[in-house]
Amino acid sequence: MYNPESTEGCQYIEGRSQEECKQKLFSMYGTDYTIVQKKKIPKPGFLGFGQKEVCGMWYRTLPSRSSNVSSSSAAIQPRLSLEEAQRAVSQITAQMGSSSANDFIKARDEIVRKNEPAVTSAQLGQIVSKLEELSKNMQKVSAEPNEHPTIRRIEEILEENEFTPSYIKKMSERIRAQFSLERLDDFDEVQDAVIDWIGESLTIANDPVKRPPHVVIIVGPTGVGKTTTLVKFAGNILRQSRKNKKADPVVHFITTDFMRVGAYDMLKHYTSILDMSIDKAETADDVKKLYSRYRSGSDYIFIDTSGLSPNDYTEIANMRAVLDVPDMHADIYLAVTASTKARDLEAIMRNYEQFNFSSVIITKYDETSSYGNVLSVLSEKNKAISWITTGQQVPRFIERANPGRFLMDLDGFRKNEEHIKEKFNYEPGKEER
């Protein structure tokens, strides 16, 4: 049990978590120990980059229950002394570079078998714990022989940014293929290359051809900000026209969202401020009639949709049928939040594929600090990114996607800002519309 007393005379152990520390203690002493103090301890990362917390514990061992065994049991002599076992451990450690993982495990089991009848549970636990640790290290070395520290550090940074394991693996393989051992020693050169590769792996959508009426539809799960994004589109179009001293565009809204309480009222509030019309459509026939009514003389038609669970195949198919209007030639976007988990994003993209969306809008970009999950999936699925939304204010806080924006927001990397701006034609603030 935890007892916040002095740690004088105590032993110390640390691990990634309290549970890991307790497992180590149990493997060494069974239940013959008591925890005196525990706390989180900051540890610097590789080459001083980053910092992680580990759990440290101070403990005291208790008298072993083996002291109560019968004299006949105590008289048993070990076939291999504790000192001999420890020397064997050291010998195995020295030979790890040339031993196989299987050979090491066999040697470990042999030491444990020879000592089991004689040593105390605490002594045996110490041997087993050390051998288990060496065995794990041996298997890791066998799986990843002589991994260069630079590659390990790059992988750590990508993991911290929540890139997927498959994406990280591809990056590591590319580093090994393109960098010699001598060049790998230059960490800055490697990380500069990796940043470029991340940017190059992203596909940015081109501006669509706008032939009146330009129909825009945003689909996606509930809560991703589809309605707000549509209003931002409309507000920016109006703002740009007035900035360029042109006539206000003619814009109409159609909403098919009847599942969310207050959705129509919220959209009607925005359209009244922007002086734009809005209609409801419950069926495919409603959408067809409204499109026929507004297509002549309109510059834009924005269609708002219901937010659906990505696993609700039936409702997604029904919505697709409602929006299936011949000759409408809509520009369809899939909206997803920047914090969407990789597995969830894959499911969303797969189930909304039937809409044949042209590109992806990343919403709520300002609500997370890790973008690797979304960037990984979009890169691996070769899906284009068109827009980013960064706040709730309408009509601002929407910008054209640019690889430079994502690269500058990565954590852990040293970024060459001038190089990124030049290579990816990125100017902070310029893309906001």
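Anything mentioned here points back to the structure above.
Here's a quick rundown of the structure. As the structure is a computational prediction, the values presented were derived from the model and not from experiment.

**Points about the pattern of salt bridges**
When the charged atoms of two side chains with opposite charge come close together, those side chains can pair. Within the structure shown, the criterion is met by 16 salt bridges. Glu20 is paired through a salt bridge with Lys24; the nearest N and O atoms lie 3.8 Å apart. Note that Glu20 and Lys24 are positioned in helix H1 (residues 18-29) at a spacing of 4 residues, about one turn of the helix. Of the residues examined, Lys24 reaches a relative accessible area of 31% and is grouped as partly exposed. Beyond isolated ion pairs, a larger network of salt bridges with shared partners links Arg16, Glu20 and Lys24.

**A few points about the packing of helix H6 (residues 149-160) against helix H7 (residues 165-178)**
In the contact formed by H6 and H7, the axes pass within 10 Å of each other and the chain directions differ by 155°. Classified by the interaxial angle, the pair formed by H6 and H7 is roughly antiparallel. Taken as a pair, H6 and H7 cross one another with a handedness that is right-handed. Of the residues in H7, those touching H6 at Ile151, Ile154, Glu155, Leu158 and Glu159 are Ile168, Met171, Ser172, Ile175 and Arg176. Across the contact of H6 with H7, the residue classes break down as 6 nonpolar, 1 polar and 3 charged.

**A few points about helix H10 (residues 226-243)**
In a regular helix each residue adds 1.5 Å, so 18 residues correspond to 26 Å; H10 covers 26 Å between its end C-alpha atoms and thus fits that length. Counting buried positions along H10 yields 14 of 18 residues, so the element is predominantly enclosed.

**Focus: the packing of aromatic side chains**
Two aromatic rings, taken as a pair, are described by how far apart their centres are and by the angle between their planes. Enumeration according to the criterion identifies 10 aromatic pairs in this entry. Each ring, one from Phe233 and one from Tyr333, has its centre 5.8 Å from the other, and the planes form 50°; the classification is tilted. With Phe233 in helix H10 and Tyr333 in strand S9 (residues 331-337), the pair connects residues that are 100 residues apart, well separated along the chain. Both residues of the pair, Phe233 and Tyr333, count as buried. Taking the centre distance of 5.3 Å and the plane angle of 50° together, the rings of Phe253 and Phe302 count as tilted. Of this pair, Phe253 sits in strand S6 (residues 251-255) while Phe302 sits in strand S8 (residues 300-304), placing them 49 residues apart in sequence. One cation-aromatic arrangement involves Lys280 over Tyr264; the distance from NZ or CZ to the ring centre is 4.3 Å. Positioned over the ring face of Phe424 is Lys423, at 5.7 Å from the centre of the ring.

**Looking at the environment of Phe253**
The class of Phe253 is buried, set by a relative accessible area of 0%. Residues Phe253 and Lys280, spaced 27 residues apart in sequence, show a C-alpha to C-alpha distance of 8.6 Å. Excluding residues that lie within four positions of it along the chain, Phe253 makes contacts with Leu230, Val231, Ala234, Leu267, Thr271, Met276, Ser277, Ile278, Asp279 and Phe302.

**Digging into the packing of helix H14 (residues 342-351) against helix H15 (residues 372-380)**
Across the interface, H14 lies against H15 with an axial gap of 9 Å and an inter-helix angle of 40°. The angle between H14 and H15 places the two elements in the oblique class. Between H14 and H15 lies a crossing of right-handed hand. Between H14 and H15, the residues in contact are Ala342, Leu345, Glu346 and Met349 and Asn373, Val374, Val377 and Leu378, respectively.

**Comments concerning the side chain of Thr256**
As for its placement among the helices and strands, Thr256 is situated in the loop between S6 and helix H11 (263-274). Residue classification places Thr256 among the buried residues on the basis of a relative accessible area of 12%. Among the polar contacts made by the side chain of Thr256, one reaches the main-chain carbonyl oxygen of Asp304 at a distance of 2.9 Å. The residues contacting Thr256, other than those within four sequence positions of it, are Ala281, Val287, Ile303, Asp304, Thr305, Ser306, Val322 and Leu323.

**Points about the environment of Asp344**
Mapped onto the elements of the fold, Asp344 is located in helix H14. On the accessibility criterion, Asp344 (41% relative accessible area) is partly exposed.

About the criteria used
Residues numbered from 1 in each chain as written. Predicted model: local features only at pLDDT ≥ 70, side-chain atom pairs only at ≥ 80, totals over all residues. Heavy atoms only, no water. Salt bridge = Lys/Arg side-chain N within 4 Å of Asp/Glu carboxyl O. Helix = DSSP H or I, 4+ residues; strand = E, 2+ residues; numbered from the N terminus. Buried < 20%, exposed > 50% of the residue type's maximum accessible area, 1.4 Å probe, protein only. Axes fitted to C-alpha atoms, helices over the stretch in contact; angles between N-to-C directions. Parallel < 35°, antiparallel > 145°, perpendicular 65-115°, else oblique. Left-handed = near helix turned anticlockwise from the far one by under 90°. Contact = heavy atoms within 4.5 Å. Nonpolar A, V, L, I, M, F, W, Y, C, P; charged D, E, K, R; others polar. Expected span 1.5 Å × (residues − 1). Phe/Tyr/Trp six-rings, centres within 6.5 Å; stacked < 30°, edge-to-face > 60°. Lys NZ or Arg CZ within 6 Å of the ring centre and 35° of its normal. Polar contact = N/O pair within 3.5 Å; in protein donor to acceptor, adjacent residues only side chain to side chain.

The quantities given are spatial measurements derived from coordinates; they are silent on function.
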